[in-house]
Amino acid sequence: MTLILSPAATSDAHAMEQLIRQAMAPCYARHALQWDSAAFHRQLATTRNHWLYWHSQLAGVLRYQQDGHALHLRDLHIVPAWRGQGLGGMALAQLATLARLRGNTAIRLRTFADSPALRFYLRHGYQHVRQDGPLAGLAYPLSR
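Scope of this entry: the structure provided in the associated data block.

Conventions adopted
Residues numbered from 1 in each chain as written. Predicted model: local features only at pLDDT ≥ 70, side-chain atom pairs only at ≥ 80, totals over all residues. Heavy atoms only, no water. 1 Å grid on protein atoms, 1.4 Å probe; cavity = no way out; pocket = protein on both sides within 12 Å on 5 of 7 lines; lining within 4 Å. Points joined across faces, edges and corners; volume = space filled by probe spheres on them. Helix = DSSP H or I, 4+ residues; strand = E, 2+ residues; numbered from the N terminus. Nonpolar A, V, L, I, M, F, W, Y, C, P; charged D, E, K, R; others polar. Axes fitted to C-alpha atoms, helices over the stretch in contact; angles between N-to-C directions. Parallel < 35°, antiparallel > 145°, perpendicular 65-115°, else oblique. Left-handed = near helix turned anticlockwise from the far one by under 90°. Contact = heavy atoms within 4.5 Å. Phe/Tyr/Trp six-rings, centres within 6.5 Å; stacked < 30°, edge-to-face > 60°. Buried < 20%, exposed > 50% of the residue type's maximum accessible area, 1.4 Å probe, protein only.

## What to know about the layout of surface pockets
In step 1: Space inside the largest pocket adds up to approximately 1200 Å³.
In step 2: For the largest pocket, the lining is made up of 43 residues, of which Met-24, Asp-75, Leu-76, His-77 and Thr-111 are closest to its centre.
In step 3: Within the residue set of the lining of the largest pocket, elements represented by two or more residues are α1 (13-30), α2 (37-44), β4 (70-78), α3 (87-101), β5 (106-112) and α4 (116-123).
In step 4: Its residues assigned to classes, the lining of the largest pocket shows 23 nonpolar, twelve polar and eight charged.

Given below as structure tokens:
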């Protein structure tokens, strides 16, 4: 079975925001941050946005954008019912394939340093390349 990346429609913006906001809520609470819906929607207009489907069911969301010679992974969230089954790793593998096909040299992202996501990305070969306050900057070099 293949993880399906399905482009999100403009009309999906609210649903996508709700899924991401819910997933990010624990980190935002730990760092006393407030969600900025207007900023999210401005950024949403600049990213490639995909729903992830597994067995014909919504399994998560993937958002990225081009950043020079790298793809910047903005969001990867798997819904709780599908976590722990390798879907996040499958999504990263598909993103790496896409990035290589586009001629990118790396995938970059930022995540909260105290988030379980940091361990997930490190397990999948991402390297911790910088620290910006509570955010860890990670990079995954792509071989040609």
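## Some points on the packing of α1 against α2
In step 1: Viewed as axis vectors pointing N to C, α1 and α2 meet at an angle of 120°, and their least axial separation amounts to 11 Å. Taken together, α1 and α2 sit at an angle that is classed as oblique. As for the relative orientation of α1 and α2, their crossing is right-handed in sense. Here Ala-13, His-14, Met-16, Glu-17 and Ile-20 of α1 lie close against α2, whose contacting residues are Ser-37, Phe-40, His-41 and Leu-44.
In step 2: When its residues are assigned to classes, the contact of α1 with α2 shows five nonpolar, three polar and one charged.

## Some words on the packing of aromatic side chains
In step 1: Applying the stated rule across the entire model yields six aromatic pairs.
In step 2: Judged by centre distance (6.2 Å) and plane angle (75°), the rings of Tyr-28 and Phe-112 are edge-to-face. One end of the pair, Tyr-28, is in helix α1; the other, Phe-112, is in strand β5, with 84 residues separating them in the sequence.
In step 3: A relative accessible area of 22% means that Tyr-28 is categorised as partly exposed.
In step 4: We classify Phe-112 as buried; its relative accessible area is 7%.
In step 5: Three or more aromatic residues link up through ring pairs in this structure, and these residues are Tyr-28, Trp-35, Phe-40 and Phe-112.

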